[in-house]
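Coordinate analysis (summary)
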Amino acid sequence: MSFRVYYILRPAPFQAEKYAEASLARLREQLGVDELLCVLGPRYLELFLAETTTAKSANGIYADESRLFLSFLSEECGSALAKITTCEHEAEAHAIAHYFRSALGWLPEGARDEQHAKAFRVAHEAAHARAHLGVQLNRLYERALWFTEKVRLETDFFSHTVSLATTLLEVAGKIFGGFKNRTALILGNNMEAARTAQALREADIGGLLLFNKVSQAEDYLNSVLLETVNENTFAPLADLILIFDALHPQFGDPRFIQKLMAKRQRAPLLLADFTDHTARAAEFQKMYNLFFFARSDLNRLVDQKTPAREQVENKITQWLASEVESFRQWLASAERFHFGRMVGSSAQMQAVFEMIARIARTDITVLIQGESGTGKELVAAAVHESSGRVRRPFVVVNCGAIPESLLESELFGHVRGAFTGAISNKKGLFEEAHMGTIFLDEIGELPQQLQVKLLRFLQDNVIRKVGSNVNMQLDVRVLAATNRDLEEMVAQGKFRSDLYYRLNVIRLDLPPLRERRDDIPVLARHFLLKYAAFMRKPARELSREALQKIMSYSWPGNVRELENAMERAVALSLEPEIGLAELPESLRRVAKISATNHVRPSLKEMEQRYILETVEHCGNNYDEAARVLGIGRTTLWRKLKEYQGQE
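All figures in this text were calculated on a predicted structure; none of them were measured in a lab.

Let us look at unusual backbone geometry. In this model, Asp204 sits at a positive phi of 65 degrees, which is unusual for a non-glycine residue. Counting through the fold element by element, Asp204 comes out in the loop between helix H7 (191-202) and strand E6 (207-211). Located in the positive-phi region is Asn558, a residue other than glycine, with phi close to 60 degrees. Along the chain, the position of Asn558 falls in helix H22 (residues 558-572). Asn558 sits in the buried class, given a relative accessible area of 0%.

This part takes up the confidence of the model for the protein chain. Scored by pLDDT, the protein chain comes out at a mean of 79, with 79% of its residues at no less than 70. Contacts from residues 12-16, a stretch scored under 50 in pLDDT, to residues over four places away or in other chains number 7 contacts. Below pLDDT 50 for its whole length, residues 213-230 participates in 48 contacts with residues either more than four positions away or in separate chains.

Take the pattern of salt bridges next. One pass over the full model with this rule turns up 27 salt bridges. Between Arg507 and Glu487 there is a salt bridge; the shortest N-O distance is 3.7 Å. Of the two residues, Arg507 is situated in strand E19 (residues 506-509) and Glu487 in helix H18 (residues 486-491); the sequence distance between them amounts to 20 residues. Look at Arg507 and you get partly exposed, because its relative accessible area is 33%. Where Arg496 meets Asp498, a salt bridge forms, and the shortest distance between an N and an O atom there is 2.7 Å. Among the charged side chains, a network of salt bridges with common partners joins Arg112, Glu114 and Arg121.

This next bit is on the pairing of E6. The buried fraction of E6 amounts to 5 of the 5 residues, a majority that puts the element mostly inside the structure. The alternating pattern of E6 places Gly207, Leu209 and Phe211 and Leu208 and Leu210 on opposite faces, both of which are buried. Where strand E5 (residues 183-187) and E6 come together, 5 bridges link them in parallel fashion. Residue pairing across strands places Ala184 opposite Leu208, the latter belonging to E6. Handedness of the crossover joining E5 and E6 through H7 is recorded here as right-handed.

Here we come to the side chain of Arg264. Mapping Arg264 onto the fold places it in the loop between helix H10 (254-263) and strand E9 (269-273). The exposure class assigned to Arg264 is buried, which follows from its relative accessible area of 9%. Contact partners of Arg264, with chain neighbours within four places excluded, come to Pro236, Leu237, Ala238, Asp239 and Leu269.

Residue pairs three or four apart in sequence face the same way in an α-helix, which turns once every 3.6 residues. Taking 1.5 Å of rise per residue, the 12 residues of H7 would be expected to cover 16 Å, and the 16 Å separating its terminal C-alpha atoms lies within 8% of that figure. Of the residues trailing H7, Asp204 is marked for its positive phi of about 65 degrees.

The 5 strands lie next to each other as E14-E15-E18-E13-E19, forming an open sheet whose pairing is parallel. Single-partner strands in this sheet number two, and they are strand E14 (394-398) and E19. The sheet shows a mean angle of 20 degrees between the axes of neighbouring strands, direction not considered. Bridge analysis of strand E15 (residues 437-441) against strand E18 (residues 477-482) gives 4 bridges, and the strand direction is parallel. From the neighbouring strand, Phe439 faces E18, where its bridge partner is Leu479.

This part covers the side chain of Ser387. Examined against the element boundaries, Ser387 turns out to sit in the loop between helix H14 (376-385) and E14. Aside from chain neighbours lying at most four places away, what touches Ser387 is Trp146, Ala360, Arg361 and Arg477.

Position of Thr317 relative to the elements: it lies in helix H12 (residues 295-331). Given a relative accessible area of 41%, Thr317 falls into the partly exposed group. The spatial distance from the C-alpha of Thr317 to the C-alpha of Arg101 is 9.5 Å, given a sequence separation of 216 residues.

Below, the discussion takes up helix H3 (residues 92-104). Taking 1.5 Å of rise per residue, the 13 residues of H3 would be expected to cover 18 Å, and the 19 Å separating its terminal C-alpha atoms lies within 8% of that figure. Among all positions of H3, only Glu92, Ala95, Ile96, Ala97, His98, Tyr99, Phe100, Arg101, Ser102, Ala103 and Leu104 are buried. Where H3 terminates, the next one or two residues include Gly105, which has phi positive at roughly 75 degrees.

Moving on to the nonpolar core. Grouped together as the largest cluster of nonpolar side chains are 39 residues, with contacts concentrated most on Leu37, Tyr99 and Phe147. Taken together, the elements giving at least two residues each to this core come down to strand E2 (35-40), strand E3 (44-51), H3, helix H4 (114-129), helix H5 (135-154) and H12. Of the residues forming this core, the biggest block, 9 residues, is contributed by H5.

For the structure on display, the rule yields 15 aromatic pairs. Relative to Phe158, the ring of Phe157 has its centre 5.2 Å away and its plane inclined at 85 degrees; by these criteria the two rings are edge-to-face. Taken as a pair, Phe157 and Phe158 share a single burial class, namely buried. With centroids separated by 5.2 Å and ring planes inclined at 15 degrees, the aromatic side chains of Phe412 and Phe430 adopt a geometry described as stacked.

As a packed pair, H3 and H4 sit with axes 6 Å apart at the nearest point and diverge in direction by 110 degrees. Taken together, H3 and H4 sit at an angle that is classed as roughly perpendicular. Of the residues in H4, those touching H3 at Tyr99, Ser102, Ala103 and Leu104 are His116, Ala117, Phe120 and His124. Grouping the constituent residues of the contact of H3 with H4 by class yields 5 nonpolar, 3 polar and no charged.

Rules behind the numbers
Residues numbered from 1 in each chain as written. Predicted model: local features only at pLDDT ≥ 70, side-chain atom pairs only at ≥ 80, totals over all residues. Heavy atoms only, no water. Helix = DSSP H or I, 4+ residues; strand = E, 2+ residues; numbered from the N terminus. Buried < 20%, exposed > 50% of the residue type's maximum accessible area, 1.4 Å probe, protein only. pLDDT = per-residue confidence, 0-100. Contact = heavy atoms within 4.5 Å. Salt bridge = Lys/Arg side-chain N within 4 Å of Asp/Glu carboxyl O. Pairing = 2+ DSSP bridges. Right-handed = clockwise from strand over helix to strand, strands pointing away. Expected span 1.5 Å × (residues − 1). Axes fitted to C-alpha atoms, helices over the stretch in contact; angles between N-to-C directions. Core = buried A, V, L, I, M, F, W, Y, C linked by side-chain atoms within 4.5 Å. Phe/Tyr/Trp six-rings, centres within 6.5 Å; stacked < 30°, edge-to-face > 60°. Parallel < 35°, antiparallel > 145°, perpendicular 65-115°, else oblique. Nonpolar A, V, L, I, M, F, W, Y, C, P; charged D, E, K, R; others polar.

In structure tokens:
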């Protein structure tokens, strides 16, 4: 297993996306990698590569990637490119760190660009839809989402001024209070003007006008700006006039600016000269409601932010080093399909892991739905353990296991004398979970009267103990789960609709095991190793017949039933290989029935038949077939070549 990243200054022309997207599959085949992510950011083009096939040697796998990458781009884009920057094999940690930085929009030269972070997310979603991603890049994306939320919540990295453009916006915001009813006039034609225009557009400015005396504006600048205008005609309409070249001498003339202010009836005007060619700037300072800034003024404001910015970046770099080391340890371990205490390699579970990473750092309420035994409590634990509340209590409540007469007292507590037997004050489970997380399992069993109290807590964060007239303010994150259809219960009047919608802010649906059969062998091996270690036995493996049987079984009890079956098999096993005899009676009974009916094909034959039928069903569209099968396109291509060799 290995991981690489290549990146270059983003090539021109900027229409490269339509060419690159059409050629990514071919590029992936040329590189012979299992996973590929191509990020077409506004300033950098990045190629992330991951190889998960352990049969290949790590040395030499990527001997010609940079050449192929460059030839691919030059062939498709028809342009000369800057020198490519590569991360060599011994610098894999740098490649992983660059992935996290890219997700933050933290560019190699140190600047931060939100547009790059957006391009990164778009690229990942596109690569996921095209089945170009696998366990490594999906895992990195999950951690990158979690890491981004950590940085957002625990630092001011995203609010620090980091460039002249953002400094200008900060100053303008203080002058005008907002941008919605303001107009900016851009005088000039360069990338700095383009970035400033983009920043103004993101700030939701009301009007954005361009005047340039160059015959042809750059494509990106034209795509950002709305209208080309005459600078003298439209200058009185502009609240911000930003000068990026020396071709507009009248805006350096105090007499012209004085007339301009008169036409504006002395309304506030921000004049920023990024050329430093204004010779009489001192006279501008005397004009009422004219706010003049030269490049040197803005640079001084940027410099004032530098020490605080460096302190934040140093903190993030330390966190980043820890994330990189954790990922490398995971990469070298047998835990590649793990997320917390959950195990899953299927596309369905990878999507669940990704959602957990997105929401864990927030305090948003989550509703987890799934059949009994699918691992709802493990999902709740993973949300808690990935959140900022990890060192606080995680309280689990099974609402269906506590008698209705005691449930209110258990949840919210009671005061002395509240009822017969209440000889002292008692803390409720919500109070026990203060500053932490409470997990309400089987929320569908909650009585109607308690649904009202829970709704009040979700709205106001207050509880009232049984027998008390005093409200208690608490800070508790609520996670809930059910194996029942709450929408149907709402329709039947058995569950409050307002509570349902308040719980269902984020919903995680856990698929039953029969719908994610790719996870069965991974889960089985995990449980075999777990219970072999617990029982102090050598590691056990499933025989081909046993593996075939567990793959074809429907598992009505889901993951919990599979775990019990593997625990039983390890306990009964006397040999390193587990056969049908060690499996539960329910599986062996199905095996006997199957044996009397017909001879079942081998697991490899079943896989071949399933893959060929899927490819045919998808009209020989390999990208679509790979997506449906949940495997990489390169893996599919190899298997089809293997099947052709057998004919």
